[in-house]
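Coordinate analysis (summary)
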Amino acid sequence: LKENSEVQNSNTSGAENSLGCLTQAHIFFDGVWSALSATLCWGKATSTKSHRVVMIGDGMNDSTALAAASVGVAMGAGGSAMAVAAAGVVILSDNLMLLPPTIRLAREARGVILQNCIFAVAVKIAAIVLAILGKLELWQAIIVDIGSLVVVVINGLRPLRFQY
């Protein structure tokens, strides 16, 4: 979360201090607030307009803070339906150690998506230019299109190899 960022990243957590410290150590937040009431969590999430706030919660009283935070993370399969609905991310475990690999997976997936978009657009532009110049016939364009589709799909499968 801190990678190449000028803004302060913070975590408001109603969990115990040890969980807040664990989160800070593994995700590299600039600041962590833990053991806060739902009202204080909501206040922290809404008062920091220039900072990104990550709220981690699992109960119904966390739902407003989860919705107000930049990123709301609902923990556990037994979390309330309201918290799950308000959160942007749901981790179906109570293990906070899964949060850092989840963030790494999301970054890897975002990179793969960007690569696929750039590749697909570049191939289409090259095909259009070649077709306009008369160097590419219809059957060749179809082969190029299908080939680029196969490359994009295979590249898109890379995040499936991700190991937690």
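Residues numbered from 1 in each chain as written. Predicted model: local features only at pLDDT ≥ 70, side-chain atom pairs only at ≥ 80, totals over all residues. Heavy atoms only, no water.

Take the pairing of strand β3 (residues 52-57) next. Of all six residues making up β3, five are buried, and the element is well covered by its neighbours. Relative to strand β4 (residues 71-75), β3 is paired through four bridges, and the arrangement is parallel. Paired with M55 across the two strands is G72, which belongs to β4. (Buried < 20%, exposed > 50% of the residue type's maximum accessible area, 1.4 Å probe, protein only. Helix = DSSP H or I, 4+ residues; strand = E, 2+ residues; numbered from the N terminus. Pairing = 2+ DSSP bridges.)

Turning to the packing of helix α5 (residues 99-132) against helix α6 (residues 138-156), a few remarks are in order. The contact between α5 and α6 brings their axes to 10 Å, and the two run at 170°. Viewed along their axes, α5 and α6 adopt a mutual orientation that is roughly antiparallel. Contacts between α5 and α6 pair V112, Q115, N116, F119, A120, V123 and K124 from the former with V144, D145, S148, V151, V152, N155 and G156 from the latter. In the contact of α5 with α6, the residues fall into seven nonpolar, five polar and two charged. (Axes fitted to C-alpha atoms, helices over the stretch in contact; angles between N-to-C directions. Parallel < 35°, antiparallel > 145°, perpendicular 65-115°, else oblique. Contact = heavy atoms within 4.5 Å. Nonpolar A, V, L, I, M, F, W, Y, C, P; charged D, E, K, R; others polar.)

Attention now goes to the side chain of N155. Turning to its location among the elements, N155 is positioned in helix α6. Its relative accessible area of 16% is what places N155 among the buried residues. Residues in contact with N155, not counting those within four places in the same chain, are V112, Q115 and N116.

Everything listed is a geometric property; what it means functionally is a separate question.
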